[in-house]
Structures are given as structure tokens and as C-alpha cells.
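# Structural characterization, general
In case you want the letters, here they are:
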Amino acid sequence: MRIISLLAVRSCKILHSLQQNAFLSPSSRIAAVSFGSTATVNKNSGYYVTTPIFYVNASPHLGHLYSAVIADCLHRYKQLQGFNSKFATGTDEHGLKVQQAAEAAGKQPLTFCTEVSERFERLFRSCNISHTDYIRTTELRHRQAVEHFWSVLWNKRLIYKGNYEGWYSMQDESFLTPSQVGDAVDSSGNEIKVSLESGHKVEWMKEENYMFRLSAFRSQLLDWLRGNPKAIQPECFQQAVLQWLQGELPDLSVSRQRSRLQWGIPVPGDASQTIYVWLDALVNYLSVAGYPNDHERWWPVARHIIGKDILKFHAVYWPAFLLGAGLPLPQAIHVHSHWTVRGKKMSKSLGNVIDPLEHSRTFTTDGLRYFLLRQGVPESDCDYTEEKVLKLLNAELADSLGGLLNRCTAAALNPAQVYPSFCAQSFPRGQGGRAVAEDYCMLEAVKDLPSVVEKHYESLHFYKALEAIAACVRQTNRFVQRHAPWRLDRTDGKDQQWLDTIIHVSLECMRVYGTLLQPVVPDISDKLLARLGVQRNERSIETLDFLPRYWQRDSPFEGRALGADSGVLFSRLESPTVKKKTKNSNLK
Ligand code: MSP
């Protein structure tokens, strides 16, 4: 303590990092203290991103794909930065609602789970989700991890046998206090009790089962959040959790009687009870990391992407379980909000559930990914309509970015099909060339773009990153428009040099956009960069050196042949096509 306060006098930054590290494993704590600061990013230590694992009681919908696309984008971005990144997703297959869904389908639970899980896997494959592991909670490796985790908590006397009496929502697989429950009327006119948060029906439950000493962790959870202002992002969600922790935090029931719930992992040593699905599901993050034998490498660098509806499970129960088991807490929990459809919550009964596979066929995989990340705001719900998707994609991908590439690579302006030369006299660093004030502003903006984009990618504000890129693309289009290279006289040496310079600068701008867009729209970026002749080993953000010739450095691209023309970058979408496809899909 004395050492900490001395350090604090010298540097509050060090104190902050020590506070953060109070929750690291002993070995990583020693390492962090001896290095003095956690600010230096160690890429060798890796990066581990997870999505929630998806319930298999129903088919995948747009919200599920959204969680996966956010995680995929973060994973790809980290890889581009040179991190060894691990990315896990998968399916949550136990519990009463899955058991009932299998019964209703007349299938054995495992057969049913396999079918739905494969549907998620197919969707992810088709949407370019580049996970490195796909976990199913019915796998043996997971069962062993859960059993071990349970035994650790049991041996530490953090689980005890007790009587639970209270409200339970099967849809949310969640226990609720009386203040979280309200009155409602169901579709048949019966008075029912519902969860105030989700609106799902709740039932009174009274059984003997195993309880976890959640109440014992309240102050440690508060310390964790107060010492780690970025533990839960965006900040509004961290505040929400801090608020919850001010309220009552009763012990948590972590098992159900097997007679009521058979589809789950039995409690080790007591086959009459089944482990609570959320405890089972949360441990998936450890299973993928190699728990219980081999998790030291990946577990300390874990980050969870989750929707706001499952915040309590991840930001209260999960850290409490981990603290109980003596494991480090996740580096961060990144929360996103929800998609509504024409202002309404997606629901089977309203018939407005968006099938992501269908829509990725209509708008292309990259089109849908771009829309979700360009429009999705983590702090607030967003609305999905096909008209909006169409308008945005046509404006930004087809017209603005695609149009720019088309102009600068078209044979009419670039007959030699090369990355032309930059002429420093035409575009000098001082005055006297043909460039005007707006052109210099554009160079500044594009030069700064990688750091702006990285800052937003880092905080998962993808929409801000994409807005910044789109603004620069518009500037480059204006640059070309302003100087109208097609009006220049190619027989005049000076005009030809200026024309080449305009194209060189525009291609350099596009090289920056293509590189930065890789995590969001991998196919489009690949097509763009390939057309510019940028090799795969020249596509990292770190080596992205914008317009070196302007700063009097050599450019490896100048004079290089462009890549083959593989057609338009993004085809304009026509409204009737969208309408027709939607109509057909509605008929199914
Ligand atoms: N199985 C649990 C998670 C266990 S993780 C240890 C679960 N599954 S889920 O299938 O219901 O939801 C998975 C993810 O989809 C969550 O992040 C959830 O927020 C997200 N979405 C579900 N509906 C959504 C929208 N309408 N919009 C955006 N995402 C939403 O919860």
C-alpha cells in the first residue's frame, strides 16, 4: 500500500494502471507492475474477442448478425494492426426454452440444436464472419470446463444449497426481484406478470436448488468498475451497472431441479439438479480460451461484445463468478443497442423479423455489413428499413466510392492503366502550382484519417469512422470534379503532368480508404485494393504511408501497373429489385 501511494504521488497514471491490475492474475500483475504501465500495447500477448453465444430456439435474425459483425470488425481491425487475434462465436444450446422448442419440433434436443447451430454457422460463413473458433455448449470440452468451474466455486464454499422462491422469466432465463415485475394481459386476455425490462412473461418459482453468494461480491464489483472507467463501454452502460450495484444484490440461484429441466449439464455430484443456463453459457468464453488447463494465454486478453439486454449477466454475474473462481476479469465489455424495424421491436408475432441471410443476398454481404456498422450507434437503438439501406449503399458505396474508382481508373483518363507519376511542381508543398486551398485541406484530412478511424474503431464507434471516411471520399470526388482532368490537353506536357498528379493523388486517397475499410467490407476493399495494384502485404494500417511523393519520399506505387479490372466496385441497387425480393420473401 505504501508503495502504491508513493507511486501515486509520482504519477497518477501508474496508480490508475495498478488499480486496473488489481483484477489481473498474479503473474500478469507482477508483469504490469514491473513494466510500470499498461499503456504499451504488447501485440504478442494477443487479443481475444467474443460474441454472445446464440440461443438455438429460433433462427438467426438481424440482431444476431449485428453482434457478430461488430466482433468480426474488431477482430479484423486488430489483425490488421498486427495482433494475434482470437475470435469466438457459437451457440447456447441448453435450457428450458431450447428443450421446449425441440419438443415442439418433434426432434431430439441434440438433433434440433445441431440443425439450428448449423444455420448460424452458415449465416456467419456467408457474411464473412471470420471467427477462429465456434463453440457449442453441448460439446464435451465445454461440459468439462463448466464442471471444473462449478467445482472451484463449490470448493471455495461460494455455492451452497438453499431454497429459491421468486419470479423467473423462461424467455430471458432470468430471475427477477418483485420491483422488476409488472402486470400485463396476454393475447387471450389473461392477467399475467411480466418482466418490466424485456416484457416477457414471468412465473413464480419455488424450489430447493444451489445458490451462488452473489451478495458477497458487491463491493469488489464496485471497486472494479470505479477503478476501470472503461471496463464497460460506452460509458452510459457502465453507469447503469453502477446504479444496479447500489440496489439489492441477492444471492443467485444457479441450478434447477432436473425433474423440471433435463436439457443441461448436471450439477457435479448431484444428478438431481441441472446447472443454470447462464452460468453454463458464460463459461463458454473460458472453454474457448482453453480452461481449465490452458487458458493463461488467452483469458487475460478477453473482450466481450454483447447486446444491452444481456448486460446484467455479463457485467454483474459473470465478473462475480470470475472473482469467485480467482480468474482475471475481461479487459472490456462492449455493449451495443438494438435494431428495431420501422420503429417496432422485431418479433415473431409482429412478423417483422429480418432474416439476415435473405437481406445479405438482396444487399450483398458487404452492403449489409456496411449498413449495420454505418448506421448502428452503440448508445441508442437504430431503425432498419430497406429504403434506408438502399439509399445509403447507393450513395456511399456505388456512387461515391465506386464512382471515384471508376473515374480514376477508366481507360479514357488512364489509358496506360498505371499508377501515374506525381509532379511536385504541379502540387508543391508551398504555393505556385495548380493545386488550390481546398486540395491542401483534403490532403490534411486524408493524412489524419487513419488516426481518426483508429480512434473510433478502438472505441467501437464504427459509424463515426465510416462517417469520417465517407466525408473524405466526398472531398476526393470534389477534388476530381474541381480540376476536371478530362478537360486537360494531353498533348501539352504541363497539362499531362497535372492530369497524372490528379490521378496519382486520387488513387493514393483511395488506397487509404480501401485499407481502412478492410475490417468493415472485406470483399469491396479487396476488390478496390487489387484494382489499384496494392499487394496483400501492402495493406496493413501501420505501413499505410499516404502520398509519400508529396513529402519527397519514394512511392512504391508510382509507375506500377494497375490490377485487372474486375467490374464495378458496388452495383447500384434498384428499388424494384428490393421490393420484388422482399415481396417474394414475405410470401414464404
Ligand atoms: N444466449 C444468450 C447469450 C449468452 S452469452 C454467454 C443470448 N442469446 S440471444 O440469441 O438471445 O442473443 C444474442 C445476441 O443478439 C445478444 O447480444 C443480443 O443483444 C443480440 N440481439 C438480439 N436482438 C437484437 C436486436 N433486435 N438488435 C440487436 N441485437 C440484438 O442472449
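Residues numbered from 1 in each chain as written. Predicted model: local features only at pLDDT ≥ 70, side-chain atom pairs only at ≥ 80, totals over all residues. Heavy atoms only, no water.

## Some points on the overall build of the protein
On a plain count of helices and strands, the protein comes out with 20 helices and 19 strands. Relative to the globule expectation of 25 Å for 588 residues, the C-alpha radius of gyration of the protein, 27 Å, shows essentially globular dimensions. Its C-alpha atoms give the protein principal-axis dimensions of about 90 × 70 × 40 Å. For the protein, the residues scored as buried account for 55% of the 588 residues in total. For the protein, the proportion of contacts with a sequence separation of at least 24, taken over those separated by at least 6, is 75%. (Helix = DSSP H or I, 4+ residues; strand = E, 2+ residues; numbered from the N terminus. Rg over C-alpha atoms; globule rule 2.2 N^0.38 Å. Buried < 20%, exposed > 50% of the residue type's maximum accessible area, 1.4 Å probe, protein only. Contact = heavy atoms within 4.5 Å.)

## Topic: the sheet that holds strand β14 (residues 270–275)
Spatial strand order, β12-β14-β13: 3 strands in an open sheet with antiparallel pairing. Two strands bound the open sheet, and with one partner strand each, they are β12 (255–257) and β13 (266–267). Inspection of the sheet shows β12 paired to β14 by 3 bridges, in the antiparallel sense. Paired with Ser255 across the two strands is Ile275, which belongs to β14. (Pairing = 2+ DSSP bridges.)

## Remarks on the domain arrangement of the protein
By domain assignment, the protein separates into domain 1 (46–158 + 213–336) and domain 2 (399–561). Taken over C-alpha atoms, the centre of domain 1 sits 43 Å from the centre of domain 2. If you look at the interface, domain 1 gives 12 residues, while domain 2 gives 16 residues. Summing both sides of the interface, domain 1 and domain 2 together bury roughly 1,300 Å²; the carbon and sulfur share of this comes to 65%. Looking at the side of domain 1 facing domain 2, the largest losses of area belong to Cys73, Tyr77 and Leu80, adding up to 48% of the total buried there. Summed over the shared surface of domain 1 and domain 2, the result is 1 salt bridge. Residue Glu458 is joined to Lys78 by a salt bridge in which the shortest nitrogen-to-oxygen separation is 2.8 Å. If you look at where domain 1 meets domain 2, you find 5 residue pairs in polar contact (both at pLDDT 80 or more). The element best represented in the side of domain 1 that touches domain 2 is helix α4 (residues 62–80), accounting for 7 residues. (Domains from an automatic or database assignment. Buried area = accessible area lost by both parts, 1.4 Å probe. Salt bridge = Lys/Arg side-chain N within 4 Å of Asp/Glu carboxyl O. Polar contact = N/O pair within 3.5 Å; in protein donor to acceptor, adjacent residues only side chain to side chain.)

## Some remarks on the site of the ligand
Around the ligand there are 24 residues in total, and Ile53, Asp92, Gly307, Asp309 and Trp339 lie nearest to it. Gly307 has a polar backbone atom sitting 2.9 Å from an oxygen atom of the ligand. Taken by itself the ligand offers 670 Å² of open surface, and the protein chains cover 93% of this. Elements supplying a minimum of two residues to the shell around the ligand: β2 (54–55), α4, α10 (277–282), α11 (284–289) and β15 (302–307). Among the residues making up the shell around the ligand, the classes are represented as 12 nonpolar, 10 polar and 2 charged. (Near = heavy atom within 4 Å. Areas by Shrake-Rupley, 256 points an atom, 1.4 Å probe, with all protein chains shown as cover. Nonpolar A, V, L, I, M, F, W, Y, C, P; charged D, E, K, R; others polar.)

## With respect to the environment of Arg560
Relative to the helices and strands, Arg560 resides in the loop between α19 (522–532) and α20 (575–587). For Arg560, a relative accessible area of 22% translates into the label partly exposed. Spatially, the C-alpha atoms of Arg560 and Leu532 are 9.1 Å apart, while their sequence positions differ by 28 residues. Setting aside its immediate chain neighbours within four residues, Arg560 contacts Val418, Tyr419, Gly533, Val534, Gln535 and Glu538. There is a polar contact of 3.5 Å between the side chain of Arg560 and the backbone oxygen of Pro556.

## Structural notes on the UniProt feature "domain: Methionyl-tRNA synthetase anticodon-binding" (unreviewed entry) in the protein
Per the UniProt annotation, the sites labelled "domain: Methionyl-tRNA synthetase anticodon-binding" (unreviewed entry) are residues 432–537. With 75% helix and 0% strand, residues 432–537 has its two end C-alpha atoms placed 37 Å apart. (UniProt positions renumbered as here; feature names shortened; annotations may be inferred.)

## Describing helix α18 (residues 493–517)
Under the 1.5 Å per step criterion, the end-to-end length of α18 is 36 Å for 25 residues, consistent within 8% with the ideal 36 Å. Most of α18 is tucked away: 20 of the 25 residues are buried. For α18, the side-chain oxygen to backbone nitrogen distance between the N-cap and Lys494 is 3.0 Å, and the N-cap itself is Asp492. (Expected span 1.5 Å × (residues − 1).)

## Some remarks on helix α7 (residues 140–155)
Across its 16 residues, α7 extends 22 Å between first and last C-alpha, which sits within 8% of the 22 Å expected from 1.5 Å per residue. Burial in α7 covers these residues: His142, Ala145, Val146, Phe149, Trp150, Val152 and Leu153. Each buried residue of α7 sits inside an arc of 160° when the element is viewed along its axis, so together they form one side. Relative to its buried face, α7 has exposed residues pointing more than 90 degrees away, namely Leu140 and Asn155. Looking one or two residues past α7, Arg157 carries a phi angle of roughly 60°, positive in sign. (Arc of directions from axis to C-beta.)

## Thoughts on the pairing of β15
With 6 of 6 residues buried, β15 is to be regarded as a mostly interior element. Across the two faces of β15 the burial is the same, with Ala302, His304 and Ile306 and Arg303, Ile305 and Gly307 all buried. As judged from the 5 bridges shared by β15 and strand β16 (residues 332–336), these two strands associate in the parallel manner. Bridge assignment links Ile306 to a residue of β16, and that residue is Val335. With respect to chirality, the unit in which β15 leads through helix α12 (residues 311–325) into the neighbouring parallel β16 is right-handed. (Right-handed = clockwise from strand over helix to strand, strands pointing away.)

## Quick notes on the state of the cysteines
Summed over all chains, the structure comprises 0 disulfides. Unpaired in terms of disulfides, Cys408 finds its nearest cysteine sulfur in Cys509, a separation of 8.9 Å. No disulfide involves Cys441; its sulfur sits 11 Å from that of Cys472, the nearest cysteine. (Disulfide = S-S within 2.5 Å.)

## Observations concerning unusual backbone geometry
A cis amide bond links Gln233 to the next residue, Pro234, at an omega of -10°. The residue Pro234 is located in the loop between β10 (232–233) and α9 (235–246) in this model. A cis amide bond links Tyr291 to the next residue, Pro292, at an omega of 10°. Positive phi values are uncommon outside glycine, yet Arg157 reaches one of about 60°. Summarising the element assignment, Arg157 is placed in the loop between α7 and β5 (159–169).

## Comments concerning the nonpolar core
In a soluble, globular protein the nonpolar side chains are often hidden away together inside. Core analysis: the biggest nonpolar cluster contains 106 residues, and Tyr370, Ile469 and Tyr513 have the highest contact counts within it. Top contributing element to this core by residue count: α18, with 12 residues. Formed jointly, this core draws a minimum of three residues from each of two domains, domain 1 (46–158 + 213–336) and domain 2 (399–561). When residues no more than four places from it in sequence are discounted, the contact partners of Tyr513 are Leu401, Leu404, Val446, Leu449, Ile469, Cys472, Val473 and Thr476. (Core = buried A, V, L, I, M, F, W, Y, C linked by side-chain atoms within 4.5 Å.)

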